[in-house]
Amino acid sequence: MSSLLIAAVLLLLYLPDQTNAQDAHMEDYKYGHLEKKAFCSWTCLHFTLQWPGGFCLSLDNETLCRMPQTVNNWTIHGLWPLHASRCCSCWPMFSSDVEELEEQLTEHWPSLLKIKSSFQFWRAEWEKHGACAACVEGMNSPLRYFQICLKLRQTFDVQKLLEDAGITPSCDRPYKVQEVSRVLAPHLGDKHEIQCITVEEKEVWFQVKIILSRNLTVGCDHLGNGVREPKSGSGSTWRPSHGHPCPKEAPFYYLPINHQKPLQPCG
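All values reported here derive from a predicted model rather than from experimental measurement.

Chemist: Where do I start with unusual backbone geometry in this structure?
Modeler: Apart from glycine, the bulk of residues carry a negative phi angle, and the bulk of peptide bonds sit in the trans form. A positive phi angle is found at glutamate 200, which is not glycine, with a value near 50°. Position of glutamate 200 among the secondary structure elements: in the loop between strand S4 (193-199) and strand S5 (202-213). In this structure glutamate 200 comes out as exposed when scored by relative accessible area, which is 75%. Even without glycine at this site, leucine 216 takes up a positive phi of about 75°. Mapped onto the secondary structure, leucine 216 falls in the loop between S5 and strand S6 (244-245). For leucine 216, a relative accessible area of 23% gives the class partly exposed.

As structure tokens, this is what we get:
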């Protein structure tokens, strides 16, 4: 054996095992050990629901929107730890991870984009946000993370709360933030945010953000300044919506869902 070959073998023996290091890192996430290393320093989350009737209008490229016939209610956008950093990118997600939840996820967390399947949507949310939440034991796997999201969706039944108060989608009837917040605040907390987009000089409701503490109770006293929002993937042909808090004094519209013409909810 030549001296060069011997040297190469010795070098390989002393190199760190990257696979083992990655597995160990993932195990730390799985069992919450990274809290001690400041990887899990976030304290608040946003649970975000989107209204399909306004979602298509929020896209930069509206032609990318689709509206499945099964979509007739508020859908999940995501569960996002706030101010999370140095999240683990070592935990891939496979369809088998959420196979037992697929029917529920398809109903409550569908993709409304033609270019992205529902599973691609779920995987993107896991990689961007679920992996950050995974340092908490109750969300330390894709299955547990999505189970938690579905339970939160069941808890925060925005459409029922609104309907019970006589607030229903309409092309003609505008609403005010104070009017809607008065209905939602007892259930979503005082810090919930009603988000609008501006369409032809009209404010259109498309999303609501619910602030939660790390233990998933409503409200959080450590919200801080600013929120790290989801980012679109590199090279994508769409960008997240330009949502903003609905103006407190100006009226906004809660538009109906139009399955045939999602870009024209009012015909």
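And the narrative resumes.
Chemist: Even after reading the chapter, I still don't get the nonpolar core, so can you show me in this structure?
Modeler: Within soluble globular proteins, side chains that are nonpolar generally end up buried alongside one another. Grouped together as the largest cluster of nonpolar side chains are 61 residues, with contacts concentrated most on Phe47, Leu79, Phe146 and Trp205. Looking at this core, the elements with two or more residues in it are strand S1 (44-50), strand S2 (75-81), helix H5 (118-133), helix H6 (142-155), helix H7 (158-164), helix H8 (177-188), S4 and S5. Those residues in contact with tryptophan 205 that lie beyond four places of it in its chain are Trp51, Gly54, Trp74, Leu162, Val180, Leu184, Ile194, Gln195, Cys196, Phe252, Tyr253 and Tyr254.

Chemist: Please explain the pairing of S4 as it appears in this structure.
Modeler: The side chains of a regular strand alternate, first on one face of the sheet and then on the other. For S4, the tally of buried residues reaches 5 of 7 residues, placing the bulk of the element in the interior. The pairing of S4 with S5 spans 7 bridges and is antiparallel. Counted as the bridge partner of valine 199 is lysine 202 from S5. Remark: 2 residues form the turn of the hairpin made by S4 and S5, two consecutive strands paired antiparallel; glutamate 200 in that turn has positive phi of roughly 50°. As defined by bridge partners, S4 adjoins S6 across 2 bridges and the pair is classed as antiparallel. Note that in S6 the partner of cysteine 196 across the bridge is histidine 244.

Chemist: Please clarify how the pattern of salt bridges should be interpreted in this entry.
Modeler: When the charged atoms of two side chains lie near each other, side chains of opposite charge can form a pair. Applying the stated rule across the entire model yields 2 salt bridges. Between lysine 160 and aspartate 164 there is a salt bridge; the shortest N-O distance is 2.9 Å. Within this pair, lysine 160 and its partner aspartate 164 are both found in helix H7, separated by 4 residues, close to a single helical turn. Across the salt bridge formed by glutamate 179 and arginine 173, the nearest N and O atoms sit 2.8 Å from each other. What makes arginine 173 partly exposed here is its relative accessible area of 38%.

Chemist: What's the story with the confidence of the model for the protein chain in this structure? I'm lost.
Modeler: Should pLDDT be low for a region, the predicted coordinates there are not to be read in detail. In the predicted model, the protein chain carries a mean pLDDT of 83, and the fraction of residues at 70 or more is 78%. When the criterion is pLDDT under 50, residues 4-26 qualifies, and its contacts beyond four places in sequence or with other chains add up to 8 contacts. Segment residues 28-37: pLDDT under 50, and 24 contacts once partners within four positions in sequence are set aside and those in other chains are kept.

Analysis parameters
Residues numbered from 1 in each chain as written. Predicted model: local features only at pLDDT ≥ 70, side-chain atom pairs only at ≥ 80, totals over all residues. Heavy atoms only, no water. Helix = DSSP H or I, 4+ residues; strand = E, 2+ residues; numbered from the N terminus. Buried < 20%, exposed > 50% of the residue type's maximum accessible area, 1.4 Å probe, protein only. Core = buried A, V, L, I, M, F, W, Y, C linked by side-chain atoms within 4.5 Å. Contact = heavy atoms within 4.5 Å. Pairing = 2+ DSSP bridges. Salt bridge = Lys/Arg side-chain N within 4 Å of Asp/Glu carboxyl O. pLDDT = per-residue confidence, 0-100.

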